[in-house]
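Architecture and fold: a report
The lines below spell out each chain.
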Amino acid sequence: MTENAWTRWPSKEALGRERRSAHRRLLAVVVRVLGLGALLWGAVAGGQDGWRAVGATAVVLLAVVVAWALFRTTLTHRLRPSLGLVAALLGLGGIAQGAGFDVPAAVLWCGCAVIALERLPLVVALPVDLVAFAAYALVSDNSWASSAALAAGLALGGYVLRLDAEARGHAQRMLAQERAARAAEAESAALAERARIAREIHDVLAHSLSAQMVHLEAARLLIERGAEREQILERVVAARGMARDGLAETRQALSALRGELTPLEDFLEQLVGTPDGARTTVTLAGERRPLPVEVSQTVRRVAQEAMTNVRKHAPGAEVRVVLDYGRHEVTLDVRDSGGATGELAGTGGGYGLMGMRERAELLGGSLRAGPGEEGFVVTLKVPV
């Protein structure tokens, strides 16, 4: 709901002195010094004797204290105290005029009019201006036309000061909102980065531990069947190799988070080149180019998961890996020719590809995994 412009106070940012430029602060000091000088000069020059000058000076100093209090009450948007202080200033102007001090009285009345327009709601500032200008016009020797012109000029000046202060206050609020938005954005980015790190470490550990579980489960089955020592030792050594590879992958993931990625093509060559009895080929299509870290890591994780599934469910099958650098997306296609079901096909919870699918969807991509014409097909598409 829009606040009524007539009853709205100028904002505290507009009335305060925070974030004012140096030239604005200097101008405000100069105006106040000139106003105080005019008051004191009128009090001293208009006095017939020393006591009258002392009394007029006391009135001037009291007016300064009242004006300072008025600035404080308007800053906190307290209407009744502000109106009381304005009335006190107008009354001091009347006292000064009654004592024959025309200049201090005129300065007080005109100052009240300008301050009211600058710092009070318009619904009360306009009556204050009317009272102040009427008092000045009644005692002034100027013509009504001159008094009206002076009143219009002072009113316009006070309103311009009000608009300038409100513009400054609006700029300060916008700056505060922008800083808050930047802080929230930085916090969100930090949370996203933490989630990314957690996801990377989770994927690495899940892949490594799953592969170790495959070999250890195979070793357990061989022991139960009374297999030869060499066969059991082969599986244990393979599990040990998986643990070593897991540590290497963890280091690689941390390097990737620091922006130190090995080329994706080299990674795929190393991945499929692991001796496991499978006949694997890697085909690259499209123009090679650097990929965003998140996209590159997703492709790597999906390739690892797909190869793990091949070794687990179709050992010895022929595997074709195709990495296609499209114009607007990168596609990874991993498919095997099928083969004898591995003895460990029932192990594991089946959550690897599900996690990869969720990871792809976070990047606006998709992952499809299912039976193909011959074996199993995993296809990842991620926009770049």
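Check the entry above for the structure.
Residues numbered from 1 in each chain as written. Predicted model: local features only at pLDDT ≥ 70, side-chain atom pairs only at ≥ 80, totals over all residues. Heavy atoms only, no water.

**Side note on the nonpolar core**
The tendency in soluble globular proteins is for nonpolar side chains to be buried side by side. Just so we agree on the cut-off: As used in this record, nonpolar core signifies buried Ala, Val, Leu, Ile, Met, Phe, Trp, Tyr and Cys residues forming a set joined through side-chain atoms within 4.5 Å. Burial classes: relative accessible area under 20% of the type maximum marks a residue as buried, over 50% as exposed, and values in between as partly exposed (1.4 Å probe, protein chains only). Secondary structure elements follow DSSP: runs of H or I of four or more residues count as helices, runs of E of two or more count as strands, with numbering from the N terminus. By definition, residues are in contact when any of their heavy atoms lie within 4.5 Å.
Leu70, Val86, Leu89, Leu90, Trp109 and Leu120 are the most contacted members of the largest nonpolar core, which has 30 residues in total. Those elements that place two or more of their residues in this core are helix H3 (50–75), helix H4 (79–98), helix H5 (102–119) and helix H6 (122–139). Per-element accounting of this core gives the leading share, nine residues, to H5. Excluding residues that lie within four positions of it along the chain, Leu70 makes contacts with Ser82, Leu85, Val86, Leu89 and Ile115. One finds Leu291, Ala306, Leu323 and Val330 within the second-largest nonpolar core, a separate group that totals 27 residues.

**Some words on the pattern of salt bridges**
Counted only if it meets this: A side-chain nitrogen of Lys or Arg and a carboxyl oxygen of Asp or Glu constitute a salt bridge if their distance falls within 4 Å.
A complete count under the given rule lists five salt bridges for this structure. Notably, a salt bridge pairs Glu178 with Arg182, separated by 2.7 Å at the nearest N-O pair. Remark: Arg182 and Glu178 occur in helix H7 (residues 144–224); sequence separation between them is four residues, near one turn of the helix. Classification of Glu178 by relative accessible area gives partly exposed; the value is 38%. Judged by relative accessible area, which is 55%, Arg182 ranks as exposed. If you follow the salt bridges from partner to partner, you end up with Glu217, Arg220 and Glu224 in one network.

**A short note on unusual backbone geometry**
At His77, a position not held by glycine, the phi torsion is positive, near 60°. Structurally, the position occupied by His77 is in the loop between H3 and H4. For His77, a relative accessible area of 27% gives the class partly exposed.

**Points about the packing of H5 against H6**
To keep it simple, the criterion reads: Here an angle of 0 to 180 degrees is reported between the N-to-C directions of two axes, which are lines fitted to C-alpha atoms, with helices fitted over the stretch in contact. Here the angle decides the label: under 35 degrees means roughly parallel, over 145 means roughly antiparallel, 65 to 115 means roughly perpendicular, and every other value means oblique. Here is the rule for handedness: rotate from the far helix to the near one, and if that takes an anticlockwise turn smaller than a right angle the crossing is left-handed, while a clockwise turn gives right-handed. Amino acids are sorted into nonpolar (Ala, Val, Leu, Ile, Met, Phe, Trp, Tyr, Cys and Pro), charged (Asp, Glu, Lys and Arg) and polar (every other residue, Gly among them).
Interaxial distance between H5 and H6 falls to 8 Å at its minimum, and their mutual angle equals 160°. One finds that H5 runs roughly antiparallel with respect to H6. Pair H5 / H6 crosses with left-handed handedness. Across from Ala106, Trp109, Cys112, Ala113, Ala116 and Leu117 in H5, the residues of H6 making contact are Leu122, Ala125, Leu126, Val128, Asp129, Ala132, Phe133, Ala135, Tyr136 and Val139. Taken together, the residues of the contact of H5 with H6 break down into 15 nonpolar, no polar and one charged.

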